[in-house]
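What follows is each chain in one-letter form.
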Amino acid sequence: MDGSVIVKDGSILVRTHDREESESDPTSHAELNAIKLASRAFGRDFRDCTLVSTHEPCPMCATAIIWSGILKKLEIAPDEAPVVTKTENKIVFHSKNFCPTLEACKILGLDTKLICREISEKPTDALVKRLSERLEFRRNYDRLRPQCDYCEEMIVLND
């Protein structure tokens with residue numbers, strides 16, 4: 001089961017987990033549940049909050065994180081996305097985490113290269129740009145699941 005917490009000033013505001021099965025709601029992801037709980041309890045000002053999640057957000061959750069105004073997002077499963085190259089201007093990692101987009105592509109016989117470009121790259125890039133306009137998210141489409149054991153992704157610091 002995946003989970004998320006929202007932290008502000010070192011204190012956990014909310015903690016929750018995925019509820020897709022228990023609520024029969026395919027949108028009941030941990031990140032969305034955390035944002036909803038925090039909004040109800042504390043209002044909509046998330047400027048000084050950090051979202052900590054057990055995995056990389058899907059495109060729906062990444063978009064919700066951006067719209068909520070949460071500026072910091074952390075994941076706590078480094079084995080799911082190990083850093084393979086780190087320089088002053090680039091971090092390259094190999095994502096091996098559960099990916100709903102990948103699963104849908106496999107079931108529907110769709111090309112992950114096309115679908116990932118269309119639905120997940122822009123929200124993920126927008127999320128990193130919230131931290132700094134100089135940051136850019138990129139994906140190496142020659143190293144993408146299911147053709148490879150991982151998705152090679154990177155965050156680049158542009159001049």
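Here the structure is shown first, and the text comes after it.
Residues numbered from 1 in each chain as written. Predicted model: local features only at pLDDT ≥ 70, side-chain atom pairs only at ≥ 80, totals over all residues. Heavy atoms only, no water.

(A) Seen up close, the packing of aromatic side chains. Applying the stated rule across the entire model yields zero aromatic pairs. In this arrangement the basic side chain of Arg117 is found over the ring face of Tyr141, its NZ or CZ atom lying 3.9 Å from the centre. (Phe/Tyr/Trp six-rings, centres within 6.5 Å; stacked < 30°, edge-to-face > 60°. Lys NZ or Arg CZ within 6 Å of the ring centre and 35° of its normal.)

(B) Region of the structure containing the pairing of strand β8 (residues 151-157). When you tally the buried positions in β8, you get five out of seven residues, the bulk of the element. The pairing of strand β6 (residues 90-95) with β8 spans six bridges and is antiparallel. From the neighbouring strand, Ser95 faces β8, where its bridge partner is Cys151. Where strand β7 (residues 135-139) and β8 come together, five bridges link them in antiparallel fashion. (Buried < 20%, exposed > 50% of the residue type's maximum accessible area, 1.4 Å probe, protein only. Helix = DSSP H or I, 4+ residues; strand = E, 2+ residues; numbered from the N terminus. Pairing = 2+ DSSP bridges.)

(C) Local environment of unusual backbone geometry. Cis peptide bonds are those with omega within 30 degrees of zero, and the linkage from Arg145 to Pro146 qualifies with 5°. Mapped onto the elements, Pro146 comes out in the loop between β7 and β8.

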